[in-house]
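Okay, here's what each chain looks like letter by letter:
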Amino acid sequence: QVQLVESGGGLVQPGESLRLSCAASGFTFSSYVMRWYRQAPGKERELVAEITSTSGGTNYADSVKGRFTISRDNAKNTVYLQMNGLKPEDTAVYYCNAYARGVFRQYDYWGQGTRVTVSS
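This is a predicted model, so every value here is computed, not measured.

K.L.:
I'm lost on the overall build of the protein in this one. Help?
P.N.:
In terms of regular secondary structure, the protein is built from 0 helices and 11 strands. Counted from the first residue to the last, the protein has its helices and strands arranged as β-β-β-β-β-β-β-β-β-β-β. Along the longest, intermediate and shortest principal axes, the C-alpha atoms of the protein span 45 × 25 × 25 Å. Per-residue burial for the protein yields a buried fraction of 42% across its 120 residues.

K.L.:
Looking at this model, I keep getting lost on the packing of aromatic side chains. Mind explaining?
P.N.:
Each aromatic ring pair is described using two quantities: the centre-to-centre distance and the angle formed by the ring planes. The tally for this structure, following the rule as stated, stands at 4 aromatic pairs. Seen in terms of ring centroids, F27 and Y109 are 5.3 Å apart; in terms of plane orientation they differ by 45°. Their pairing is tilted. Residue F27 is found in the loop between β3 (18–25) and β4 (33–39), and its partner Y109 is found in strand β10 (residues 106–110); the two are separated by 82 residues along the sequence. We note that F27, like Y109, is buried. Relative to W110, the ring of Y37 has its centre 4.9 Å away and its plane inclined at 50°; by these criteria the two rings are tilted. In this pair, Y37 is assigned in strand β4 and W110 in strand β10, connecting sequence segments 73 residues apart. Overall, the relative accessible area of 17% leaves Y37 in the buried class.

K.L.:
Quick question: what am I supposed to make of the environment of D90 here?
P.N.:
The residue D90 is located in the loop between β8 (78–83) and β9 (92–101) in this model. Spatially, the C-alpha atom of D90 lies 9.8 Å from that of S119, the residues being 29 residues apart in sequence. Setting aside chain neighbours within four positions, we find D90 in contact with R38, R67, F68, G85, V116 and V118. A polar side-chain atom of D90 sits 2.7 Å from a polar atom in the side chain of R67.

Conventions we followed
- Residues numbered from 1 in each chain as written.
- Predicted model: local features only at pLDDT ≥ 70, side-chain atom pairs only at ≥ 80, totals over all residues.
- Heavy atoms only, no water.
- Helix = DSSP H or I, 4+ residues; strand = E, 2+ residues; numbered from the N terminus.
- Buried < 20%, exposed > 50% of the residue type's maximum accessible area, 1.4 Å probe, protein only.
- Phe/Tyr/Trp six-rings, centres within 6.5 Å; stacked < 30°, edge-to-face > 60°.
- Contact = heavy atoms within 4.5 Å.
- Polar contact = N/O pair within 3.5 Å; in protein donor to acceptor, adjacent residues only side chain to side chain.

Set out below in structure tokens:
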């Protein structure tokens with residue numbers, strides 16, 4: 001059974017930091033691209049950051065470049081999102097996503113989300 005379990009969300013003040021974690025099970029974690037998405041109230045879900053399965057290359061949304069860092073630990077089947085310099089506009093539910101393209105189909109798994117609120 002595939003599971004993605006996010007943790008680490010909470011309420012912080014502007015400028016503070018949080019580290020989100022996503023623990024994966026039920027699939028070959030090291031073979032998947034791992035992504036963090038977020039969805040703010042009244043807005044569409046957007047891609048925040050991704051990390052490849054092989055080289056560990058990363059990509060970020062322009063809005064978080066220089067503030068957020070995605071990383072993965074394949075030994076622990078866990079992906080992280082270090083968020084520094086948080087802003088009120090970072091307030092959203094953050095979702096972990098695992099993606100892989102097979103020969104005949106795509107594999108696309110989602111966690112349940114963890115809420116991040118940035119407010120003074």
